[in-house]
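Structural characterization, general
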Amino acid sequence: MIIKIWGVRGSIPTTGPEMTYYGGNTACVDVEEEGWQLLFDGGSGIHRFSMNNQLNTKRLDILLTHLHLDHIQGLGFFKPLFDPSKEVHIWGPAGSSRSLHSRLSRYLSPPLFPVLIRDLPCKLVLHEIGNTQFEIGPFKLQSAYVIHPAPTVGYRLTYNDAVFAYIPDHEPALGMHGMIDNKKWVSGYDLAADADVLLHDAQFTSTEYEQKKGWGHSSMEDAGKFADITGVKRMLYSHHDPFRSDEDLEEMFRSFSTKTNYKFVQELAREGTEISL
């Protein structure tokens, strides 16, 4: 399967010459195999994806981790939603009091957006998920709730023997004493265990995290520990703070990585990265 990254920023898109290498779009990752196309999250990166692909497949699937604005703000600019010939499936976490349709409608409606979700001309199918196992074409998927404000899931995607784990917003160290040592109780463990590639939240330095516990994001140190505990082979640190330039990100990663001796490959997630599994 081919994995391509279209958005790696957190919170809000950002632009500027000092942010061109790692990119300024918010969350979106494309996975393709056997004519099937899956998109993880609908941040501003999904617009860039639709501008750079022919989208010849009749069906597209969008798997949302949660409904914070930086993960859905590109949906209204996703061309297949306005194409009557397309079948678009949107998967997202079930809410405790409102349906997925109701919650998405709060964004895809005035005054935030001029077009109502009910007026989209594509064939739109919504799927509510939680701690769920399901299949899309040749892919086997597992979703599970993870620690982040509002209902939020992470995903584990399996194709043949290859595994991609996607947990872009996650705070597994939240608690009185940081990350629990017992793997059974670590948030997101089953999603990431022994994955070939894990894309994971790493917005803060350890110093910043001390002032931002409970915000739903990880320090790079905690993200590295999570990757080590779960035994992944390749780690992509993501959800880059919108205030960090390319130089800032590289300095942050350099300062962190020189203090570690992990066996897995680790790198900063970057727009345009393509991985074949």
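Just above, that's the structure.
Residues numbered from 1 in each chain as written. Predicted model: local features only at pLDDT ≥ 70, side-chain atom pairs only at ≥ 80, totals over all residues. Heavy atoms only, no water.

Burial analysis of strand S3 (residues 36-40) places four of its five residues in the buried class, which makes it a mostly covered element. Joining the antiparallel neighbours strand S2 (residues 28-33) and S3 is a turn of two residues, in which Glu34 adopts a positive phi near 55 degrees. Across three bridges, S3 lies against strand S4 (residues 59-63) in parallel orientation. Considered in S4, the bridge of Phe40 is made with Leu63. (Buried < 20%, exposed > 50% of the residue type's maximum accessible area, 1.4 Å probe, protein only. Helix = DSSP H or I, 4+ residues; strand = E, 2+ residues; numbered from the N terminus. Pairing = 2+ DSSP bridges.)

Below, the discussion takes up the nonpolar core. Membership of the largest hydrophobic core comes to 32 residues, with the highest contact counts inside it found for Leu198, Met220, Val232, Met235 and Tyr237. Elements that contribute at least two residues to this core include exactly strand S10 (162-167), helix H3 (189-192), helix H5 (220-230), strand S12 (234-238) and helix H6 (246-257). Ranked by the residues each element gives to this core, the list is headed by H5, at five residues. Setting aside residues up to four positions removed in sequence, Val232 forms contacts with Ala192, Ala195, Leu198, Ala227 and Phe264. Of all hydrophobic cores here, the second largest spans 28 residues; its members include Ile3, Phe40, Trp91 and Leu236. (Core = buried A, V, L, I, M, F, W, Y, C linked by side-chain atoms within 4.5 Å. Contact = heavy atoms within 4.5 Å.)

Another point: the side chain of Ser187. Along the chain, the position of Ser187 falls in the loop between S10 and H3. Sequence-distant contacts of Ser187, defined by excluding residues within four places in its chain, comprise Val146, Ile147, His170, Pro172 and Phe226.

A word on the packing of H5 against H6. The interhelical angle for the contact between H5 and H6, taken along N-to-C directions, is 55 degrees, at an axis separation of 10 Å. Looking at the two axes, H5 sits oblique to H6. The two elements H5 and H6 meet at a crossing, and its hand is right-handed. Between H5 and H6, the contacting residues are Met220, Glu221 and Gly224 on the first element and Met252, Phe253 and Phe256 on the second. Residue composition of the contact of H5 with H6, grouped by class: four nonpolar, one polar and one charged. (Axes fitted to C-alpha atoms, helices over the stretch in contact; angles between N-to-C directions. Parallel < 35°, antiparallel > 145°, perpendicular 65-115°, else oblique. Left-handed = near helix turned anticlockwise from the far one by under 90°. Nonpolar A, V, L, I, M, F, W, Y, C, P; charged D, E, K, R; others polar.)

Attention now moves to the environment of Trp36. You can see Trp36 is positioned in strand S3. Each C-alpha atom of the pair Trp36 and Gly137 lies 6.6 Å from the other, and the pair is 101 residues apart in sequence. Filtering out sequence-adjacent residues up to four positions away, Trp36 remains in contact with Val31, Arg59, Asp61, Ile136, Gly137, Pro138 and Phe139.

Keep in mind that these numbers describe shape and distance, not what the molecule does.
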